[in-house]
Number of protein chains: 4
Amino acid sequence: MDEFSTILDTLIDEQESLTQKQRNILEAAVEIFSEKGFAATSTSEIAKKAGVAEGTIFRHYRTKQDLLLAIVAPTMAKLIGPFVLKDVFNIMDNPNHSYESLVRAILVNRLEFLRKNRMLAKILILEMPYQEELKRQFMEHIIEKARVRLEKAIGHYKQEGEIVEMPSQSLMRFTLSTVIGHVVFHEFLFRDPSLNEEEEVDRTMSLLMYGVKGKRE
Amino acid sequence: MDEFSTILDTLIDEQESLTQKQRNILEAAVEIFSEKGFAATSTSEIAKKAGVAEGTIFRHYRTKQDLLLAIVAPTMAKLIGPFVLKDVFNIMDNPNHSYESLVRAILVNRLEFLRKNRMLAKILILEMPYQEELKRQFMEHIIEKARVRLEKAIGHYKQEGEIVEMPSQSLMRFTLSTVIGHVVFHEFLFRDPSLNEEEEVDRTMSLLMYGVKGKRE
Amino acid sequence: MDEFSTILDTLIDEQESLTQKQRNILEAAVEIFSEKGFAATSTSEIAKKAGVAEGTIFRHYRTKQDLLLAIVAPTMAKLIGPFVLKDVFNIMDNPNHSYESLVRAILVNRLEFLRKNRMLAKILILEMPYQEELKRQFMEHIIEKARVRLEKAIGHYKQEGEIVEMPSQSLMRFTLSTVIGHVVFHEFLFRDPSLNEEEEVDRTMSLLMYGVKGKRE
Amino acid sequence: MDEFSTILDTLIDEQESLTQKQRNILEAAVEIFSEKGFAATSTSEIAKKAGVAEGTIFRHYRTKQDLLLAIVAPTMAKLIGPFVLKDVFNIMDNPNHSYESLVRAILVNRLEFLRKNRMLAKILILEMPYQEELKRQFMEHIIEKARVRLEKAIGHYKQEGEIVEMPSQSLMRFTLSTVIGHVVFHEFLFRDPSLNEEEEVDRTMSLLMYGVKGKRE
DNA sequence: AATGAATGAGCTTTCATTCAT
DNA sequence: GATGAATGAAAGCTCATTCAT
């Protein structure tokens, strides 16, 4: 799965030309936003944690909202990551690849992503319901693209007969529920380092593909 | 499935002896909290919407936090509803019942619950990550009870051979992901009244039981 | 000195026809006023401590100020006590009495009074600088009367040659400083039950009469 | 007695590096605190009188209490002034000095001090009974030091036979009562500019040394 | 680029007081 | 006479933002 992380890492480091103070501000903001939520975080608190004067924050970000967007907008693209990467979907053309391997790739990749970006993801997810601007950006630029691509893939695998004939929306919803359920559970609710992660992924994939029904031929 | 809603409805209406002003406050608070989030909601806004003086809020709820808890604490019990109802799990003793019918009952029941309590549920879910007290109450009093009961059910159906042999935690996680994914999608993300709900439930249940794999015997 | 306390006690119990609740309110108010000061005391706190509803306070005392005055106005008369008592100054006609015995009587009597009314006295003294009404009442009705009487006594003893020839104001000020210094020190600053009170009174009287100078004939 | 005021004046002006606004705030606060008392003074009133925004007060003093302490804590040291000054007590080594000249020096010095700092002293004295923190600081840092020094002086003069043999505590209490009585009367209760101050001081000192007894050799 | 004093609107909360019951 | 729900003004304090340096 290395192709993902390589590509992602280059994406992640798109931030250039930031002064050290600016980096401190971003870092502090991420930490406090994720801990207390955007509205409950004061700029003075961020300034203190970042070790800068309050004015400095507003020199770089016109408003507190701007600071939030500066943090979270780039995250959106990264969160949706694999779904918009051309290379990922080229695996469809590879005769050895399957729906299962596609979803598994996405799952493993998102697990790793979240492990590195838990705070960012928490902010994004929990502020989206309240920040119209965030929601709009997310829906327009991110979800829509991912939906189109994933739908194409599902259409393809349905046609191939690899997955069951059913409205794509339902299949997509079920697949995403399973993937998101897996990562949310393991990264946010029940972080257990003693767990064998690979086995858990295997189980999730098995349930995704075959369901809970015991009687299999 | 009527037994659920009947039982639930009686549970829901446990609020007694509230003055009209108090009801207005609660109603206004729920509406604004769910729209803007707890921290971004001002008590003066609530007072205005409720048609009471600001002091009146604090006569009934010592702090803004107390108001939140007064709203959300009872909701917790209701949200987890079916999992703690004795009657629900007695269906296990009924030879005609199955894991499928149990999960379907929960799913349908929660869909209906959310349709009536969308705002409350939104507040609860989105504030829990920030309100230690909420998290604590939820984990201690709610989740733990539900987990124990669901685990027992899963153990039972595994033994019966109705569902696949696998760690209960994984089965539970997968089942809940599927149920929660379904309700969140249909109640929060993509409310589409033209959709045939029963068919969607059928599809979700089919995917839960048999997965996406097309090739079935 | 019993004549004082007897007379005083009858004065003290001038409160008649108070309901129990009213007594509770007064008692609670005295306690909290003396502990935190008038302005820093809330009526709700008084109500709680008195075990009555907030409204009840305002049924008996139109405002918080009125409550203060109801407490403190009668105290003023009591505080100044001995100076306005006819009997006390009749001792002047008694050939066995002297300035020394007069001041000693006052001192002993005020010590006893304060021991019983520490809280009331504290309120009166510390609120007077801020409550114009109190100050006015105190100056007009109390101080002036006491001044006239004391001045008369001092004039008498000066004439008799028992005390030094000096402006009465200075003698009065010095005498009162000594008496007040004694009672404030022993009742408010340095309450020490192990101290032999009578001896301390003797010392104070000796200093008052003869000063600190060592060489006495 | 000039050595006192010189030394004191330098002590008084220890406030440095305050912005003009900050000075305004302190000045306004002193004025209103002394007029109405701490608890009855609102920060908005102070802000208005100081000509600053209310927020500005809280930028410099975290709480209203802090503002009080910022005003009054330095005053404590100044109030007790002469008792902690080394030079004052060196007069004991000067063969021409006496208890009388020591007390007279303190009295004159404190009269002058109060003439300049009436408001500060009023605040300090009247808030101390309610502000635990003030009381603590006063007792620990101020009173104790003054007591030790004064006790030493009294011991010395007792041994010399200049003042009467009696427990130091009683002598101290009497001396302080006389001094405090003098300054309180003349600076707070009965400010009369037509009075010949020096003569009044002479009278007080005479009474302190020889008492009221008429028969002097 | 960075500061931090200053702002004034707005926050949560408390308060003395009123009034229907 | 007593209650306690209700009030609205004002309290202390915080906030995002501005601006002179």
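Scroll up to find the structure.
This is a predicted model, so every value here is computed, not measured. In every chain, residue numbers begin from 1 and rise along the written sequence. Lettering for chains starts from A, numbering for ligands starts from 1, and both go in the order in which the items are written. Residue-level local features of this predicted model are given only where pLDDT is at least 70; pairs of side-chain atoms are given and counted only at 80 or more, and the full residue set underlies all totals for whole chains, interfaces and linings. Side-chain numbers here rest on the full set of heavy atoms in the structure, without hydrogens or water.

**Considering the interface of chain A and chain B**
Thinking step 1. With 47 residues of chain A at the interface, the matching set in chain B holds 46 residues.
Thinking step 2. For the pair chain A and chain B, the two sides together bury roughly 4,000 Å², of which 63% comes from carbon and sulfur.
Thinking step 3. Criterion for a salt bridge: a side-chain nitrogen of Lys or Arg within 4 Å of a carboxyl oxygen of Asp or Glu. The interface formed by chain A and chain B contains two salt bridges.
Thinking step 4. Note that glutamate 200 of chain A is salt-bridged to arginine 173 of chain B, the shortest N-O span being 2.5 Å.
Thinking step 5. Whenever a nitrogen or oxygen atom comes within 3.5 Å of another N or O atom, the pair is scored as a polar contact, on the condition that within protein one atom can donate a hydrogen and the other can accept it, and that pairs from neighbouring residues in sequence are kept only if both atoms are in side chains. The interface formed by chain A and chain B holds 18 residue pairs in polar contact (both at pLDDT 80 or more) in total. The criterion used for residue contact is that any of the two residues' heavy atoms lie within 4.5 Å. A 1.4 Å probe defines the accessible area here, and the buried area is the portion of it lost by two parts on being joined, summed over both.

**A short note on the protein's contact with DNA strand F**
Thinking step 1. Put simply, a residue is near a molecule or strand once any heavy atom of it comes within 4 Å of that molecule or strand. Around DNA strand F sit 32 residues in total, of which Thr43 and Lys64 of chain A, Thr56 and His60 of chain B together with Thr56 of chain C are the nearest.
Thinking step 2. Taking all atoms of DNA strand F within 4 Å of the protein, the share assigned to sugar and phosphate is 62%.
Thinking step 3. Lysine 21 of chain C is positioned such that a nitrogen or oxygen atom in its side chain is 2.9 Å from a phosphate oxygen of DNA strand F.
Thinking step 4. In the model, a base nitrogen of DNA strand F is placed 3.4 Å from a nitrogen or oxygen of the glycine 55 of chain C main chain.
Thinking step 5. Of all the secondary-structure elements, those providing two or more residues to the surface near DNA strand F are α4 (54-60) of chain A, α4 (54-60) of chain B, α4 (54-60) of chain C together with α3 (43-50) and α4 (54-60) of chain D.
Thinking step 6. By the convention adopted, Pro, Cys, Tyr, Trp, Phe, Met, Ile, Leu, Val and Ala count as nonpolar, Lys, Arg, Asp and Glu as charged, and the other residues, Gly among them, as polar. When its residues are assigned to classes, the surface near DNA strand F shows six nonpolar, 18 polar and eight charged. Secondary structure elements are defined from DSSP: runs of H or I of at least 4 residues count as helices, runs of E of at least 2 residues count as strands, and each element is numbered from the N terminus.

**Thoughts on the relation of the copies chain A and chain B**
Thinking step 1. Mapping chain A onto chain B calls for a rotation angle of 180° and an axial translation of 0.0 Å; the resulting RMSD is 0.1 Å. Both chain copies can therefore be described as sitting about a two-fold axis. Taking C-alpha positions as the reference, the residue of chain A nearest the rotation axis is glycine 211 of chain A, at 2.0 Å.
Thinking step 2. Take the interface residues of chain A: 98% of them recur as interface residues in chain B, which is what a same-surface contact looks like. Least squares is the method used to superpose the copies, on C-alpha atoms of residues holding a pLDDT of at least 70 in both.

**Brief notes about the protein's contact with DNA strand E**
Thinking step 1. The immediate surroundings of DNA strand E are formed by 31 residues, with Thr56 of chain A, Thr43 and Phe58 of chain B, Thr43 of chain C together with Thr56 of chain D found nearest.
Thinking step 2. The sugar and phosphate moieties of DNA strand E supply 61% of its atoms located within 4 Å of the protein.
Thinking step 3. Within the contact set of DNA strand E, a base nitrogen lies 2.9 Å away from a side-chain nitrogen or oxygen of arginine 59 of chain A.
Thinking step 4. With respect to DNA strand E, the backbone of lysine 64 of chain B contributes an N or O atom lying 2.7 Å from a phosphate oxygen.
Thinking step 5. Mapped by element, the contributors of at least two residues to the surface near DNA strand E are α4 of chain A, α3 (43-50) and α4 of chain B, α4 of chain C together with α4 of chain D.
Thinking step 6. Considered class by class, the residues forming the surface near DNA strand E number six nonpolar, 17 polar and eight charged.

**Regarding the packing of aromatic side chains**
Thinking step 1. When two rings of Phe, Tyr or Trp (its six-membered ring) have centres within 6.5 Å they constitute a pair, described as stacked for plane angles under 30 degrees, edge-to-face for angles over 60, and tilted for the intermediate range. Counting across every chain of the model gives 14 aromatic pairs over all chains.
Thinking step 2. Aromatic side chains tyrosine 99 of chain A and tyrosine 157 of chain A sit 5.7 Å apart centroid to centroid with 65° between the ring planes, which places their arrangement in the edge-to-face category. Remark: tyrosine 157 of chain A occurs in helix α8 (residues 132-160) and tyrosine 99 of chain A occurs in helix α7 (residues 99-127); sequence separation between them is 58 residues. Considered together, tyrosine 99 of chain A and tyrosine 157 of chain A belong to a single accessibility category, that of buried residues.
Thinking step 3. Taking 5.8 Å as the distance between ring centres and 80° as the angle between the ring planes, the aromatic pair formed by phenylalanine 174 of chain C and phenylalanine 174 of chain D counts as edge-to-face. Highlighted residues: phenylalanine 174 of chain C in helix α9 (residues 168-189) and phenylalanine 174 of chain D in helix α9 (residues 168-189), drawn from two different chains. Residues phenylalanine 174 of chain C and phenylalanine 174 of chain D agree in their burial class; the two are buried. Relative accessibility under 20% of the residue-type maximum defines a buried residue, over 50% an exposed one, and the middle range a partly exposed one, all with a 1.4 Å probe and only protein chains included.

**Section: the pattern of salt bridges**
Thinking step 1. Scanning the model with the defined rule gives 65 salt bridges over all chains in all.
Thinking step 2. A salt bridge links glutamate 45 of chain A to lysine 36 of chain A; the nearest nitrogen and oxygen atoms lie 2.9 Å apart.
Thinking step 3. Across the pair arginine 147 of chain C and glutamate 151 of chain C runs a salt bridge, and its minimum N-O distance is 2.8 Å. Remark: glutamate 151 of chain C and arginine 147 of chain C occur in helix α8 (residues 132-159); sequence separation between them is four residues, near one turn of the helix.

**Overview of the side chain of glutamine 137 of chain B**
Thinking step 1. Residue position: glutamine 137 of chain B is located in helix α8 (residues 132-159).
Thinking step 2. Those residues in contact with glutamine 137 of chain B, other than ones at most four positions away along the chain, are Ala73, Met76 and Ile142 of chain B.

**A closer look at helix α2 (residues 20-36) of chain D**
Residue and element names in this part refer to chain D.
Thinking step 1. To estimate the expected span of a helix, count its residues, drop one, and scale the result by 1.5 Å. For α2, spanning 17 residues, the distance from its first C-alpha to its last is 24 Å, which sits close to the expected 24 Å at 1.5 Å a residue.
Thinking step 2. Buried within α2 we find Gln22, Ile25, Leu26, Ala28, Ala29, Val30, Ile32, Phe33 and Ser34.
Thinking step 3. Structurally, α2 contributes buried residues whose contacts are with α3, α4, α5 (64-80) and α7 (99-127).
Thinking step 4. Glycine 37 sits one or two residues past α2 and shows a positive phi near 90°.

**Some points on the packing of helix α5 (residues 64-80) of chain B against α8 of chain B**
All names here are of chain B.
Thinking step 1. Axis angles are defined between N-to-C directions and span 0 to 180 degrees, where every axis is a line fitted to C-alpha atoms and, for a helix, only to the segment in contact. Between α5 and α8, the least distance of the axes is 10 Å, while the angle of their chain directions is 20°. Accordingly, the angle class assigned to the pair α5 and α8 is roughly parallel. In this structure, α5 crosses over α8, and the sense of that crossing is right-handed. Taken together, the residues of α8 that come into contact with α5 (itself represented by Leu69, Val72, Ala73, Met76, Ala77 and Ile80) are Glu133, Leu134, Gln137, Phe138, Ile142 and Ala146.
Thinking step 2. In terms of residue class, the contact of α5 with α8 is built from 10 nonpolar, one polar and one charged. Geometric relationships in this document are graded by angle, where less than 35 degrees denotes roughly parallel, more than 145 denotes roughly antiparallel, 65 to 115 denotes roughly perpendicular, and other angles denote oblique. Working rule for handedness: look at the near helix, and if it is turned counterclockwise from the far one by less than a right angle, call the crossing left-handed; if clockwise, right-handed.

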